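Now for the letters of each chain:
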Amino acid sequence: MATRKQPKVLLFDIGGVCVVSPFQSILDYELSLGIPPGWINHSISRTAPNGFWHKLERGEIPLDDAFYAGFNADLHDPVRWDAFYRTQQQTGNLSLPKEVTPVPKLDARWLFNDMMTTSNAPDPWMYPALKNLKESRRFILAALSNTVIFPRGHALFREDFLADPIRSLFDVFVSSAHVGLRKPDPKIYEYALDQVDKYARSHSSEGRGWSLGWQDGVKPEEVVFLDDIGENLKAARKSGFQTLKVPLGRTFEAVDELEAITGLKLAGDHPRIAIKPKLGGSKAKI
């Protein structure tokens, strides 16, 4: 592993890093229905930047029936399905019939809420590491997350967005739905850097702040950003951040790298066994 500059800031994505990945829910759902894995992520990514998912994560639309209808339509586009299917065939998925099959029937409302519920659980490897980092008081802990604002009455609604076992660990929390920007837009990385810089300077008079050089603010290369999505990491590197890829179901590998970067013992006692897809285990409706 290449030598890294000692950071002032550890900047974390939330889903798939600090909490269980919503991608695990997507994969389980696809496998339960016999859909070629990757279709749902492909469909979401190809609707950027103005798909219903992206608008929701920028806080431009509320989480309501209109969102679910729009998200459902985004997942059932026949042109996108045809292109995805043919790409799967070309890349060697021999299990697919030669003729393009009809667009799979998905329950977008069920899928969305299963994803959100799954990703509400703390990651068993990263959560202990976060708590140990917090106790060390050696770094500014920050989060940069594409988020959703849940309406009152939803099971995941919180009156105080930051009153959460995970979110409360961070000194700075940048939520896409609250700032109107989402990853991988370069502007959200600029915004996050500005926020951690302001935090460092405003807390530099503290004993630890002065000794850690916070009075000089934060430069991009003094930030290590952890995410599980490649395009988000690519955008972060273009912004000058150091980056660390978090592999799906194997967050403990990222904890190992964090230990090397920080020189701290961070891992908890959870067994180092990768999370596997649930074959046929989903209760998804079609």
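Because the structure is predicted, anything quoted here is derived from the model rather than measured.

The rules behind the values
Residues numbered from 1 in each chain as written. Predicted model: local features only at pLDDT ≥ 70, side-chain atom pairs only at ≥ 80, totals over all residues. Heavy atoms only, no water. 1 Å grid on protein atoms, 1.4 Å probe; cavity = no way out; pocket = protein on both sides within 12 Å on 5 of 7 lines; lining within 4 Å. Points joined across faces, edges and corners; volume = space filled by probe spheres on them. Helix = DSSP H or I, 4+ residues; strand = E, 2+ residues; numbered from the N terminus. Nonpolar A, V, L, I, M, F, W, Y, C, P; charged D, E, K, R; others polar. Pairing = 2+ DSSP bridges. Axes fitted to C-alpha atoms, helices over the stretch in contact; angles between N-to-C directions. Contact = heavy atoms within 4.5 Å. Core = buried A, V, L, I, M, F, W, Y, C linked by side-chain atoms within 4.5 Å. Buried < 20%, exposed > 50% of the residue type's maximum accessible area, 1.4 Å probe, protein only. pLDDT = per-residue confidence, 0-100. Parallel < 35°, antiparallel > 145°, perpendicular 65-115°, else oblique. Right-handed = clockwise from strand over helix to strand, strands pointing away. Polar contact = N/O pair within 3.5 Å; in protein donor to acceptor, adjacent residues only side chain to side chain.

**Looking at the layout of surface pockets**
If you add up the space inside the largest pocket, you get close to 1200 Å³. Taken together, 46 residues form the lining of the largest pocket, with Pro22, Glu57, Ser145, Asn146 and Thr147 sitting closest to its centre. For the lining of the largest pocket, the elements supplying multiple residues, two or more each, are α1 (22-33), α2 (39-46), α3 (52-57), α6 (108-118) and α11 (230-238). Class assignment of the residues belonging to the lining of the largest pocket gives a composition of 23 nonpolar, eleven polar and twelve charged.

**Observations concerning empty space enclosed by the protein**
Summed over all chains, the structure comprises one cavity of 30 Å³ or more. Quantified by volume, the largest cavity comes out at close to 70 Å³. Looking at the largest cavity, the residues that line it are Gly16, Val19, Val20, Ser21, Gln24, Asp123, Pro247, Leu248, Gly249, Thr251 and Ile275. Of the residues belonging to the lining of the largest cavity, the class tally is five nonpolar, five polar and one charged.

**Quick word on the sheet that holds strand β2 (residues 140-145)**
Here five strands make up an open sheet; going across it, the order is β3-β2-β1-β4-β5 and the pairing parallel. Edge strands, defined here as strands with exactly one partner in the open sheet, are β3 (172-175) and β5 (242-245). Taking each pair of neighbouring strands and ignoring which way they run, the sheet shows an average axis angle of 20°. As paired elements, strand β1 (residues 9-12) and β2 share four bridges and run parallel to each other. In the strand pairing of β2, Leu10 is matched with Leu141. Relative to β1, helix α7 (residues 126-136) is tilted by about 150°, and along the sheet it contacts β1, β2 and β4 (223-227).

**Description of the nonpolar core**
Membership of the largest hydrophobic core comes to 30 residues, with the highest contact counts inside it found for Phe12, Cys18, Met126, Leu133, Phe170, Leu226 and Leu258. Counting only elements with at least two residues in this core, the list comes to β1, α7, β2, β4 and α12 (251-262). Among the elements that make up this core, the one with the highest residue count is α12 (five residues). Once residues within four sequence positions are removed from consideration, Cys18 is found in contact with Phe12, Asp13, Pro122, Asp123, Met126, Leu130, Ile166 and Phe170. In this structure, Trp39, Leu56, Tyr68 and Met115 belong to the second largest nonpolar core, which totals 27 residues.

**Some words on the confidence of the model for the chain**
In the predicted model, the chain carries a mean pLDDT of 92, and 95% of its residues have values of at least 70. Low pLDDT, under 50, characterises residues 279-286; the stretch is placed with 15 contacts to residues that sit more than four places away or in other chains.

**A word on the packing of helix α4 (residues 65-74) against α6**
Put simply, α4 and α6 touch, their axes get as near as 9 Å, and they point 105° apart. Between α4 and α6, the angle falls in the class roughly perpendicular. Along its contact with α4, which presents Asp65, Phe67, Tyr68, Phe71 and Asn72, the element α6 presents Ala108, Arg109, Phe112 and Asn113.

**Focus: the pairing of β5**
Pairing analysis gives four bridges linking β4 to β5, with the strands arranged parallel. Of the residues in β5, the one forming a bridge with Leu226 is Leu244. For the crossover from β4 across α11 to β5, the handedness is right-handed.

**Considering unusual backbone geometry**
Residues Ala48 and Pro49 are joined by a peptide bond in cis, for which omega reads 5°. Within the element layout of this structure, Pro49 appears in the loop between α2 and α3. In this structure, the amide linkage connecting Lys183 to the following residue, Pro184, adopts the cis form with an omega of 10°. Phi at Arg137 is positive, roughly 60°, even though this residue is not glycine. Structurally, Arg137 is set in the loop between α7 and β2.

**Let's talk about the environment of Asp65**
Examined against the element boundaries, Asp65 turns out to sit in helix α4. Distance in space between the C-alpha atoms of Asp65 and Asp171 is 34 Å, their sequence separation being 106 residues. A polar contact is formed between the side chain of Asp65 and the side chain of Arg109, at a distance of 2.8 Å.

**Here's the deal with the environment of Pro247**
By secondary structure assignment, the location of Pro247 is in the loop between β5 and α12. Since its relative accessible area comes to 14%, Pro247 is described here as buried. Considering only alpha carbons, one finds Pro247 and Leu10, 237 residues apart in sequence, at a separation of 17 Å.

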